[in-house]
Amino acid sequence: MAMAGDAAQAARAVAPSPEGAAAAGGDPFATEALRSLLPVPSPDANKYSRGKLVLVAGSAGYPGAACLAVAAAGRMGAGYTEAFCAAETLPVLRAWRPSAVARCWDAFSAEAVSEAARRHPVAVAAGSGMAGAAPHEVALALKVLRQVEAPVLADGGALAVLATAEGRAAAQHRADKGWPLVLTPHGGEAARLARGARVSAEGPQQLAEALAAAYGCTVVLKGPETFVAQPGRAAIIMAHGTPALAKAGTGDVLAGTVGALLAQGLAPADAAALGTWLHAEAGRIAAERLGAISVMAEDVAEALPLAIQALG
C-alpha cells in the first residue's frame, strides 16, 4: 500500500508549478492539456494518498447543497470525503451518500485539518448551502479562512463572509501565508465581493481579474462564459458551458468538483480549469440524455464520470 506520504511531494507530482499549468501559456482548455491534469490514481494508491476533501456546507435550510457537493467530490476522485453540516442536514446526507463521513459543524477543527494536510493531500470547500449571515455560520467560515493551512475553496455563504472587512482580512492573511484560496462566485456574489473590496470593472473578465487582485487568490467567475483569474495574470475563458447548467445546485456540484481536484494536489489554476470544463461537459452530456429543459444538478454530478471518460 502507498504510504500517506508528504503532501507537498504529492502536490508537486500533479501540479508542475504553484501557479499551475493553466497559467503557463497555450490553450488551457485543449484536450491534451486537460487530459494531462486528470488525477489518475497510481496502482499503489490508498484513500488518503488520493486526497481528502473536507466540506463545510449544508445549513438546515439547504441540505441538498452538501449532498450535491459530496456526490461531485466522490465522482471527481477524492479518496476520502468528510462533510461538516448543520445537525438537521446529517440524516439527509447520510442516507443519500453513505460513503461520505458526515459530522456536525461543531465538530470541525481547523487544527485537525491542518495537521492532516501535513501528512497527505487535503483541501477544504466551504460555504455551499450556507447563507453567511447567521453568527455561527460567519464564525465557522472565518475559522476556515483564517486557520486552515491547506487549500480552501470558498462558495456561497463563505463568499458573503469574504465580502466583509473581517473576510477581506482573512483573505489577506491567507495570501501572506501562501495558503491557496479559490473563490467560485456567480455574478451576484462577484458584485458583492467587488463592493466589499471597493473595486469596479467594465465586464466579467475584468471583474474576475480585479477580484483576483483584490483578494489575492484564484477566482472562478461563473456564467455563460466562465472566467478563471489569478493575481497579475489575464483571465482564461471557459466557453464550453450550456444553459442546462442554469439550475439551482449546479454551483454546489462545481464546488465539489474543483474542491476534489484541489484535494488531489492540483494547483488552483489547474483545478479551476479542469473542474470548470468537466462540469460544463457533464452538463452537456446530461442535456443530450435528458434535454436542456429537464437537467437537474443531480444529473450533472452523475454525468461527471462520462465527462472524465470523454477526456480519456
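As a starting point, this report considers the structure included with it.

## Focus: the overall build of the protein chain
And step 1. Helix and strand counts for the protein chain come out as 13 helices and nine strands.
And step 2. Here the protein chain has a C-alpha radius of gyration of 17 Å; the compact-globule value for 312 residues is 20 Å, and the two agree.
And step 3. With the C-alpha coordinates of the protein chain rotated into their principal frame, the extents come out at 45 × 40 × 40 Å.
And step 4. For the protein chain, the proportion of its 312 residues judged to be buried stands at 55%.

## Regarding the sheet that holds strand β1 (residues 52–56)
And step 1. Pairing is mixed in the open sheet, where nine strands are placed in the order β3-β2-β1-β4-β5-β6-β7-β8-β9. The open sheet has two edge strands, β3 (101–104) and β9 (236–238), and neither has a second partner. Geometrically, the sheet is characterised by an average inter-axis angle of 20° between neighbouring strands, direction not taken into account.
And step 2. With three bridges joining them, strand β8 (residues 226–229) and β9 adopt antiparallel strand pairing. Opposite Val-228, over in β9, you have Ile-236 as the bridge partner.

## Considerations on helix α9 (residues 187–197)
And step 1. Looking at α9, one finds that the buried residues are Glu-189, Ala-190, Leu-193, Ala-194 and Gly-196. Viewed along the axis of α9, the buried residues span an arc of 160°, placing them on a single side of the element.
And step 2. Residues of α9 that are buried make contact with α7 (156–162), α8 (165–177), β6 (181–183), α10 (204–215) and β7 (218–221).
And step 3. Once α9 finishes, Arg-198 follows within two positions and takes phi at roughly 60°, a positive value.

## Quick word on the state of the cysteines
And step 1. Evaluated as defined, the whole model comprises zero disulfides.
And step 2. Between Cys-85, a free cysteine, and Cys-67, which holds the nearest cysteine sulfur, the sulfur-to-sulfur gap is 7.7 Å.
And step 3. Looking at Cys-85, the relative accessible area reads 0%, which means it is buried.
And step 4. Not engaged in a disulfide, the cysteine Cys-104 finds its nearest cysteine sulfur in Cys-85; these two sulfurs lie 8.6 Å apart.

## Thoughts on the nonpolar core
And step 1. Ranked by internal contacts, the top residues of the largest apolar core, which has 61 residues, are Leu-53, Leu-93, Val-253, Leu-274 and Leu-278.
And step 2. If sequence neighbours within four positions are ignored, Leu-274 has contacts with Leu-34, Leu-37, Leu-38, Pro-39, Leu-261, Leu-266 and Leu-311.
And step 3. Counting residues in hydrophobic clusters, the runner-up holds 43 residues, among them Val-56, Ala-86, Leu-145 and Ala-163.

## Details of the pattern of salt bridges
And step 1. Within this structure, the stated rule accounts for 10 salt bridges.
And step 2. Among the salt bridges present, the one from Arg-35 reaches Glu-32, with a minimum N-O distance of 2.3 Å. One end of the pair is Arg-35 and the other is Glu-32, both in helix α2 (residues 31–35) and three residues apart, which spans about a single turn.
And step 3. For Glu-32, a relative accessible area of 54% translates into the label exposed.
And step 4. Between Arg-103 and Glu-82 there is a salt bridge whose closest N-O contact spans 2.5 Å. Remark: Glu-82 occurs in strand β2 (residues 80–85) and Arg-103 occurs in strand β3; sequence separation between them is 21 residues.
And step 5. In this structure Glu-82 comes out as buried when scored by relative accessible area, which is 7%.
And step 6. Each of Glu-115, Arg-118, Arg-119 and Glu-149 takes part in one network of salt bridges that share partners.

Conventions we followed
- Position labels on residues start from 1 in each chain and follow its written sequence.
- Thresholds applied to this predicted model are a pLDDT of at least 70 for local features of residues and 80 or more for the giving and counting of side-chain atom pairs; totals over whole chains, interfaces and linings are not thresholded and use all residues.
- Calculated side-chain values reflect all of the structure's heavy atoms, with hydrogen atoms and water omitted.
- Helix numbers and strand numbers start at the N terminus; a helix is a DSSP run of H or I with at least 4 residues, a strand a run of E with at least 2.
- Only the C-alpha atoms count toward the radius of gyration. The rule for a globule is 2.2 Å times the residue count to the power 0.38.
- The classification of residues rests on relative accessible area computed with a 1.4 Å probe and restricted to protein chains. Under 20% of the type maximum is buried, over 50% is exposed, and intermediate values are partly exposed.
- What makes two strands pair is DSSP finding at least two bridges between them.
- Angles run from 0 to 180 degrees between N-to-C directions of axes, and those axes are lines fitted to C-alpha atoms, restricted for helices to the stretch in contact.
- An arc is given here, and it is the one of the directions from the helix axis to the C-beta atoms.
- Residue contacts follow a heavy-atom distance rule, with two residues in contact if any of their heavy atoms lie within 4.5 Å.
- Cysteine sulfur atoms are paired as a disulfide whenever they come within 2.5 Å of each other.
- What is meant by a nonpolar core is a set of buried Ala, Val, Leu, Ile, Met, Phe, Trp, Tyr and Cys residues, joined one to another through side-chain atoms within 4.5 Å.
- The rule for a salt bridge is simple: a side-chain nitrogen of Lys or Arg has to be within 4 Å of a carboxyl oxygen of Asp or Glu.

All quantities given are derived from atomic positions and should not be read as evidence of function.
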